[in-house]
Every structure is written in structure tokens, then in C-alpha cells.
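Structural description and commentary
Here's the letter readout for the chains.
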Amino acid sequence: MDLAAGFPATTRDGWRALALAVLRKSGVEAATPEQALGALTYDGVPIAPLYDASDLPPVPPFDRGSARAGWDVRQRHAVPDPEAVLTDLENGVTSLWLVAGDGAIPVVELPRVLKDVLLDLAPIVLDAGPHTREAAEALFALAGDTPLTGNLGASALDDSGVELAARCVTGHPGLRAITVDATPYHDAGASDGEELGCSIALGVAALRALTGAGLSVEQAFGQLEFRYSATDDQFATIAKLRAARKLWARVAEVCGGGSQDAYAQVQHVVTSSAMMTARDPWVNMLRTTVACFAAGIGGADAVTVQPFDAAVRPPDAFSRRIARNTQALLLEEAGAGRVADPAGGSWYVERRTADLAARAWEWFQEIEAAGGIRAAAGKVAGRVAATRARRAADIAHRRLPITGVSEFPDPAERPLRRPAAPKPPAGATTSVQPPGTAAERGTGLPVVRYAAEFEALRELADAQPERPKVFLATIGPAAAHTARAAFAANLFQAGGLAVESAGPGADAERIAAAFAASGAAVACLCSTDKLYAEHAEEVAAALRRAGARRVWLAGKGSHPGVDACLFAGCDALDVLRTTFRDLEVTA
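The numbers attached to residues start from 1 for each chain and follow its sequence in the written order. Thresholds applied to this predicted model are a pLDDT of at least 70 for local features of residues and 80 or more for the giving and counting of side-chain atom pairs; totals over whole chains, interfaces and linings are not thresholded and use all residues. Calculated side-chain values reflect all of the structure's heavy atoms, with hydrogen atoms and water omitted.

So, the overall build of the protein
Going by this rule: Put simply, DSSP H or I for four residues or longer makes a helix, DSSP E for two residues or longer makes a strand, and each gets a number counted from the N terminus. Relative accessible area decides the class of each residue, using a 1.4 Å probe on protein chains only: under 20% of the type maximum gives buried, over 50% gives exposed, and in between gives partly exposed. Here, two residues are considered to be in contact whenever any of their heavy atoms come within 4.5 Å of each other. All accessible areas in this document rest on Shrake-Rupley with a 1.4 Å probe, and a residue is counted as covered only by the protein chains that are shown. Charged-residue counts in this description rest on Lys and Arg as positive and Asp and Glu as negative, His and the chain ends being excluded. Lys charges are placed at NZ, Arg charges at CZ, Asp charges at CG and Glu charges at CD.
For the protein, the count of helices and strands is 20 helices and 15 strands. Judged by the C-alpha coordinates and their principal axes, the protein covers about 85 × 70 × 50 Å. Per-residue burial over the protein gives 52% buried out of 587 residues. The long-range share in the protein, meaning contacts at least 24 apart out of those at least 6 apart in sequence, stands at 75%. By element, 56% of the accessible surface of the protein is carried by carbon and sulfur atoms, the whole surface being about 24,900 Å². If the 57 positive side-chain charges of the protein are averaged to one point and the 69 negative ones to another, these points end up 3 Å apart.

Here you go:
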């Protein structure tokens, strides 16, 4: 049965003509609809408004990942809490990621934490940085003759990692020694292509070190596990993981591995630390759900969902339960792990995967030309800093909105706190740390959270004896001023500022009197362009006489007495910082 029978044939050129006609009726002038509706990622990958079969690139087998029933549900623990570990394992977690050493689980506490864990059933992944050898020895001693699985979390860029890899090959064939951790690059603000390129450069450096120490190429490949970040941009994450396998398959091909499964990339995917918010942290449940879904659909072998309160505090029983149940629902209820590469064949996903892989490979080649990942540290830091600055500008202008923080903040929100916890064992700490091996975080790259700048202003506003206030000088009836008043209120509240409205009416003296009674020192005019033309100058002058230090206008246009405008796409952080200075609010 031909479902398209009876319908006229369509072409991309025909769509372009129709789309341009609609755009021009809307006042948008562009040479092509792609120019008006398309976008570029931070890697320069074009995102088109329409895809068809002509966009499909050749699809190598390693794009798709391995056929499997679900993925490994991996929970992270950085506090020595044996009860929490067992609760996770009894309720759906299938492997443990243990952060050991300074600021986490003391290495001497590992036997107590793992006392009742069946090590032949539960893979253990260590993350111990400079304490890796010590932590690995503790794990070996605890296991005895029990065969271990998981990953020791070592770096192949130091001698201990190479030695542990050789030990795993000879004595623990189900255990990997090396984590190729790309999350520090993501958490420093790198683009997807930069994260991928750096990960492949790290992986190649690891292969050189391992084969140089006597391991065969196949053994060296078998000792590596890659760690990537997943964000709430689901298609970007799906394409990134698929592209990562494509890139590593190319490395395997060059090394003589071809398409053998032994050379396939093993991926541990962690929901992004950078995207997490401390304000309105409940939204993090949505962010991590989408990120986990994307990781599974993208073919991850293991997934860690960070607890929703990870940006604020160490997780408690409730937040750990939500984190593991997020995966349980996606696996058991949604069936997200039952199909290998469900996004495969999508014109959009395939094209985005191929384009991203090409950009990442170019970046990897630049790193290699500079002498490898260590020699290119300065080059990497500079490029990541440039991307970080571009993203920061997009966040400041709210082109990348952060729900609950830069958009739709809750002015009555009470910041998430936890009652004082019992004193931890000697040597332990409950500090919150982002995921990632300490060894790779020693590169000097910063750790950023996208919401941090807005949240810092919220904290400053919260710390004042009385919440700083901005007066909304609403002009005309409610129907005229409501839209722009709501916009202005949303912007100011994103910085923790209170707002008070004049209400309907256009009398300048009445508005000025309400301003004076409010106790505010900054005002913002809110109305339509037509009413601004009639009343903005008069109202601004009255506000000045009443003591306004600055008068904003919601919208665009130049009017006497108005200092500046705020509008969709303006630098919201600059508006807020300027307002804080005008209100004489300082840290």
C-alpha cells in the first residue's frame, strides 16, 4: 500500500518556495528558508529546518553501538555510606562508581563500604585520582580470588595506570584499568566536538602508553572505557555518542582492529554537571531524565544519573532514589533500551552525527599536530575558553534560557538546604564534587555551571536585610502593559529582585507617587509602543523628580528621560548587574 498515492510529488525546492512565501508574509526577509530558520552549533555544525533522504551519509556499523538489552545503571557514591550502597544495589543499580581519596571516601573506608557487596555480581568503578593505586590495591585485597569487573579509573598517562592495565590483562580479564574521561572538558565549557576531539586524543595517548609497555593493540583497546557527559539537548547528546563510536572505530581501523567488537568503544555516560542548577533544583529531574534518555538512545553502555540536588549538597536517600528510578522508568516502563540505535536512519540524526564527527576529527588532528593532548594543553584551554565565552554570552542574553533560573524564576523560592548531618568518619567529607577523575581535572581547566552567574545574583539579593526592589511603571490599561510588565518582572526576578507594579493608568504624577511609596530607586516603564509615544517622556520625568536613579523601558525605542531598554535578546546579566549597582547592593 502506497500511503503517498494520490498526493502530488514534493521536492525540497518546492518546500523552499512555500516556506519563503510564509516568511515574507511574516515580515522576514531572507534569501533561503535555511538562512532564516537554520542555526549553527558551537562547532559550526549547521542545523537545518528540513532534512530528506539526500542528507543521509554512509552509516558505518560502529555508529549503532552494540545490540543489548538496556544499559548498566551506575550510581556514584562519594561518601562512605554502606547502607546507601546496598540500598542502591537492592533497587535497580547494577554497578557502583566510588569516588575515593581526598574530599571523598577515604581509601581505608573502601572495605567497610563494600563489605556486603557481592563483587562477582556488581562491577566496581573507581575514581581516586592520585590515590588510584592505593584504592586498586584495597579492591584487589577485598576481592581475593573473586574475579573483578568494572574499571579501576586510572589514567594511562602515568606509570601506575600502565602497570594496573597489565595486571588486569593477566589476572582480571573482566576488569578495565583506564578511564578516558572527557567530562572535564565538557564541564569547562567545551563544545561537543571539542569534548569528542579531546577524548580521542586522550584515548590515542593511552593506546601509545599501553602498547609501549608491551600490551598488544587488542589488549590496549580492551583496557579503555570512555566517559562522556549527557545534556538535556537530546539530539546533541545522541549525535555525540554516535559520533564518538564513529571516531574510535576510525582509530581502531588505523590500528588494524577493523570492525571487531574487541575494538569497539565502551561508553560510560554521566548527566552533565554543568547544566545542573542550585535554584529550582526540582527542574533538574527533568533535565536528567532527558539526558538519560538521550544517553540510552545514543547507545551508552553505562549511565549515571546525577541526583537532582547535586549542585547543592551530597545526595540523600530521596534524591538517590529519584536518580535510580529515572533509569528504571526509562528501561522498564518506556523500553528505551530494547532497541539498538533507535535514532539510526533519521535523516537529521545521521547528518548531525556525520557533521559532528568531521568537526571533532579535525580538532583531534590539530591536537595531534601540536604534539598530543599533553603538549597541546594550552591550545586546548584557549579553544575551550573561547567556546565557554560564547556560551556565557548566549546565557547572559537568554538565547540559552535556563528554566527556573534565567527564565521563569520563582520569587518565593526557598533555597534547598539540608539539616546538619551526623559527623562523618575521620578523614571523610561531604563536599559536593563534579564527576570526573582527579587525574584529568589536574589539567588546569575550570569547572563551570551554566546557571552560576544568575544564581550568584540571587544569593546576593537573598542576603540583603530587605529584598532589593524595582518599580514597574505600568502605563495604560492592563491589556496594554501586561505583556511587557510580565517580561520585565521575569527578567528582574531572575536576579532575585522584587518587583512592584503601579497598576493600570497613565497619570504620570500618580505613577510617580506610587513609585515613591514603594521605596524603590529604579523604575521600568511597561506599555505599548503607541502609549510610550504619548506618555513615556512625561512619566520618566515624573519618576526622576520622585528620586529614580535609573529609568528602564521594556521594549525598544529612544525616549527623553529613559536611560536604557530591556528587550528579548538583551544582556540580562548586564541589566541585573547595573540595577544592583544603582540600588547600591554589593557583596
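Examining the layout of surface pockets
The test is simple: Two kinds of site are reported from a 1 Å grid over the protein atoms alone, namely cavities, where a 1.4 Å probe fits but cannot get out, and pockets, open sets with protein on both sides within 12 Å along at least five of seven lines, and residues are called lining when an atom falls within 4 Å of a point. Grid points are joined across faces, edges and corners, and a volume is the space filled by probe spheres set on the points. We call Asp, Glu, Lys and Arg charged. Ala, Val, Leu, Ile, Met, Phe, Trp, Tyr, Cys and Pro are nonpolar, and the rest, Gly among them, are polar.
The calculated volume of the largest pocket comes to roughly 810 Å³. Lining the largest pocket are 29 residues, and of these Y42, T231, D233, R391 and L400 lie nearest its centre. When contributions to the lining of the largest pocket are tallied by element, the ones reaching two or more residues are β1 (39-40), α10 (234-254), α13 (347-369) and α14 (377-396). If one sorts the elements of the lining of the largest pocket by residue count, α10 sits on top with 3 residues. Here the lining of the largest pocket is built from residues that sort into 14 nonpolar, 7 polar and 8 charged.

Focus: the sheet that holds strand β11 (residues 469-474)
Short version of the rule: We call two strands paired when DSSP finds no fewer than two bridges between them. As a rule, the C-alpha atoms of each element are fitted with a line to give its axis, helices using only the stretch in contact, and angles between N-to-C directions run from 0 to 180 degrees.
One open sheet holds the 5 strands; their spatial order is β12-β11-β13-β14-β15, and the pairing between them is parallel. Each edge of the sheet is formed by a strand with only one pairing partner; in this case those strands are β12 (498-501) and β15 (564-566). For this sheet the average axis-to-axis angle between neighbouring strands, irrespective of direction, equals 30°. Both strand β13 (residues 522-526) and strand β14 (residues 550-554) contribute to a ladder of 4 bridges, which runs parallel. Bridge pairing in β14 links C524 to W552. Along the sheet face, helix α20 (residues 572-582) touches β11, β13, β14 and β15 and points at about 155° away from the line of β14.

Focus: empty space enclosed by the protein
Across all of its chains, the model carries 4 cavities of 30 Å³ or more by this definition. Within this model, the largest cavity holds a volume of roughly 70 Å³. Looking at the largest cavity, the residues that line it are R279, D410, P411, E413, R458, D462, R467, Q493, G496 and L497. Considered class by class, the residues forming the lining of the largest cavity number 2 nonpolar, 2 polar and 6 charged.

Some remarks on the packing of helix α11 (residues 283-297) against helix α12 (residues 317-333)
To be explicit about the condition: Handedness of a helix crossing follows the sense of rotation of the near helix relative to the far helix, less than a right angle counterclockwise being left-handed and clockwise being right-handed.
Direction vectors running N to C along α11 and α12 enclose 35°, while the axes themselves pass 10 Å from each other. Crossing handedness for the pair α11 and α12: right-handed. From α11, M285, T288, T289, C292 and F293 reach across to α12, where they touch F318, I322, T326, Q327 and L330. The class makeup of the residues in the contact of α11 with α12 is 6 nonpolar, 4 polar and no charged.

Here we look at helix α16 (residues 452-462)
Within the sequence span of α16, burial applies to F454, E455, L457, R458, L460 and A461. Check the buried side of α16 and you find it contacts α14, α17 (478-493) and α20.

Some points on the confidence of the model for the protein
Note the threshold: Values of pLDDT, ranging from 0 to 100, describe the predictor's confidence in every residue of the model.
Taken residue by residue, the protein gives an average pLDDT of 92. The fraction at 70 or more is 93%. Throughout residues 420-433 the model reports pLDDT below 50, and contacts reaching past four residues in sequence, or to other chains, amount to 24 contacts. Segment residues 436-441 is flagged for pLDDT under 50; beyond a separation of four residues in sequence, or across chains, it makes 26 contacts in the model.

Quick look at the pairing of strand β7 (residues 175-181)
With 6 of 7 residues buried, β7 is to be regarded as a mostly interior element. Here strand β6 (residues 150-154) runs beside β7; their pairing, made up of 3 bridges, is parallel. For N151, the partnering residue across the bridge sits in β7 and is R176.

Notes on the environment of G495
With respect to the helices and strands, the residue G495 is situated in the loop between α17 and β12. Considered as a pair, G495 and V45 are 450 residues apart in the sequence and their alpha carbons are 33 Å apart. Excluding residues that lie within four positions of it along the chain, G495 makes contacts with L457, R458, A461, L576 and F580.

Brief notes about the pairing of strand β8 (residues 224-230)
Within β8, 7 of the 7 residues are buried, which leaves it mostly tucked inside the rest of the structure. Of the two faces of β8, the one lined by L224, F226, Y228 and A230 and the one lined by E225, R227 and S229 are each fully buried. Direction of pairing for β7 relative to β8: parallel, over a ladder of 4 bridges. In the sheet register, I178 faces β8, and the bridge partner there is L224. Sheet topology note: the β8/strand β9 (residues 267-271) ladder contains 5 bridges and is parallel. Following the sheet pairing, R227 is matched in β9 by H268.

Looking at the packing of α10 against α11
Applicable threshold: Reported orientations rely on four angle classes, namely roughly parallel under 35 degrees, roughly antiparallel over 145, roughly perpendicular from 65 to 115, and oblique for the rest.
Running from N to C, α10 and α11 cross one another at 30°; their axes reach a closest spacing of 8 Å. On the basis of their axis angle, the class for α10 and α11 is roughly parallel. In the crossing of α10 with α11, the sense of the turn from one axis to the other is right-handed. Each of Q234, T237, I238 and L241 in α10 lies in contact with α11, whose residues at this interface are V290, F293, A294, A295 and I297. Along the lines of polarity and charge, the residues of the contact of α10 with α11 split into 7 nonpolar, 2 polar and no charged.

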